[in-house]
Amino acid sequence: MINELKPEEFTRIMPLIHSLPTEQTVTIQSVVLRNTNGRIFVDNVENPKTALVWVLYCMFYFLGDPENPDFIDPLPMFFKTELIPMNEACGCSCFITTLLEDHGWKMALDHLFQNSPVETGCRLAFFFDVKSFQAQNGQSGRLSNILPINQMIADTYESAVLRDNIQEFWPDFQTFLKQGIGYFYLSETNQIVSACFSVASAKGYQEIVINTYDRSDRQKGYASMVAQAYIKKCLKRKEIPVWNTYETNWPSVRIAEKMGFKLQAKQPYYELPFANFR
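> Would you take a moment to explain the sheet that holds strand β9 (residues 192-202) for this structure?
Through backbone hydrogen bonds, the strands of a sheet pair up, either in parallel or in antiparallel fashion. Across the sheet, which stays open at both edges, the five strands sit in the order β7-β8-β9-β10-β11 with mixed pairing between neighbours. Because the sheet does not close on itself, it has two edges, and the strands there are β7 (146-148) and β11 (240-242). Taken pair by pair, the neighbouring strands of this sheet meet at an average axis angle of 30 degrees, ignoring direction. Relative to β9, strand β8 (residues 182-186) is paired through five bridges, and the arrangement is antiparallel. When the sheet's bridge partners are listed, Tyr185 is paired in β9 with Ser194. The strands touched by helix α7 (residues 160-169) are β8, β9 and β10 (205-212); relative to β9, the strand with the most contacts, the crossing angle is about 15 degrees.

> Just to check I follow, could you spell out the layout of surface pockets for this structure?
To find leftover empty space, a probe the size of one water molecule is rolled over the atoms. Looking at the largest pocket, its volume works out to about 1000 Å³. Every residue lining the largest pocket is counted, 36 residues in all, and those nearest its centre are Val209, Ile210, Thr245, Asn249 and Ser252. Of all the secondary structure elements, the ones that give two or more residues to the lining of the largest pocket are β4 (59-64), α7, β10, α9 (222-236), β12 (244-246) and α10 (250-258). No other element matches the six residues that β10 contributes to the lining of the largest pocket. Here the residues of the lining of the largest pocket are counted per class, giving 17 nonpolar, 11 polar and eight charged.

> Which parts of the structure should I look at to understand the state of the cysteines?
With the rule as written, the count across this model stands at zero disulfides. Of all cysteine sulfurs, the one in Cys196 lies closest to Cys234, which takes part in no disulfide; the gap is 8.0 Å.

> Is there a simple way to think about the pattern of salt bridges in this case?
When charged atoms on two side chains of opposite charge get close, those side chains can pair. Applying the stated criterion to the full structure yields six salt bridges. Arg39 is the salt-bridge partner of Glu4, the closest N and O atoms lying 2.7 Å from each other. Within this pair, whereas Glu4 is found in strand β1 (residues 3-4), its partner Arg39 is found in strand β2 (residues 38-42), the two being separated by 35 residues in sequence. Where salt bridges share partners, they join Glu9, Arg12 and Glu46 into one cluster.

> Would you mind showing me how to read empty space enclosed by the protein here?
Going through the model one piece at a time under the given rule, you end up with two cavities of 30 Å³ or more. When its volume is computed, the largest cavity comes out at roughly 80 Å³. Lining of the largest cavity is provided by Glu23, Gln24, Thr25, Val26, Thr27, Ile28, Tyr61, Leu100, Arg123, Glu207, Asn244 and Gln267. Considering every element that reaches the lining of the largest cavity, the biggest residue donor is helix α1 (residues 26-32), with three residues.

Cut-off values and rules
Residues numbered from 1 in each chain as written. Predicted model: local features only at pLDDT ≥ 70, side-chain atom pairs only at ≥ 80, totals over all residues. Heavy atoms only, no water. Pairing = 2+ DSSP bridges. Helix = DSSP H or I, 4+ residues; strand = E, 2+ residues; numbered from the N terminus. Axes fitted to C-alpha atoms, helices over the stretch in contact; angles between N-to-C directions. Contact = heavy atoms within 4.5 Å. 1 Å grid on protein atoms, 1.4 Å probe; cavity = no way out; pocket = protein on both sides within 12 Å on 5 of 7 lines; lining within 4 Å. Points joined across faces, edges and corners; volume = space filled by probe spheres on them. Nonpolar A, V, L, I, M, F, W, Y, C, P; charged D, E, K, R; others polar. Disulfide = S-S within 2.5 Å. Salt bridge = Lys/Arg side-chain N within 4 Å of Asp/Glu carboxyl O.

Given below as structure tokens:
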């Protein structure tokens, strides 16, 4: 039987991630700390051996023993009767999971999705090289247009879209202001063009997301400028930025490399519309 942990029980899954590099588990640890919105499902509430971490509106992660019959056997029915309705109720239509390590999970998921048209690919996990960042990034241009995300800025400028973006990941805006970091590029007409902010924070690590809101503003350097400001703030706070992206998202890969990130791992991912699950 698959059970859901209460938020105060989230720490019980920590033994399942101790063998993984910290950079690759920041989002999961941020959920455990209740900095990032998430829910956790396990085989045994008292002593979990297998877990599914749902980072709300974003990603799923399988952890622990992929051959545990107490988790694997009820998983198909759990998908149909509980997980899919939960997601549909909050407007999510697609299941996406990244395998942080294999150790049998690929075989388990291939079996789970054997009758479903699932899309597969690679997600890239990077580590931050501060010397490479410093060598490639000097003084930013148009500094007066790059502003930190704080309460005053949020109250001053039209930032509903930005607030909504942040609160997809964080329990509330105040938690983000306390734990996260964020910068945005403001146009001459006081429109937020591009933003870089934390989606997760744990143990001195900050995981990055970047949005440039209008397609016509993309590939003009705005994302690089806000990313540079963000990373400099991380370094000032003695925190480590974390970058993950899909292999096919070449603009993100290019910015990551420009910001001093080096490829650490290629992780398989599965993507499946819930409507196609059989």
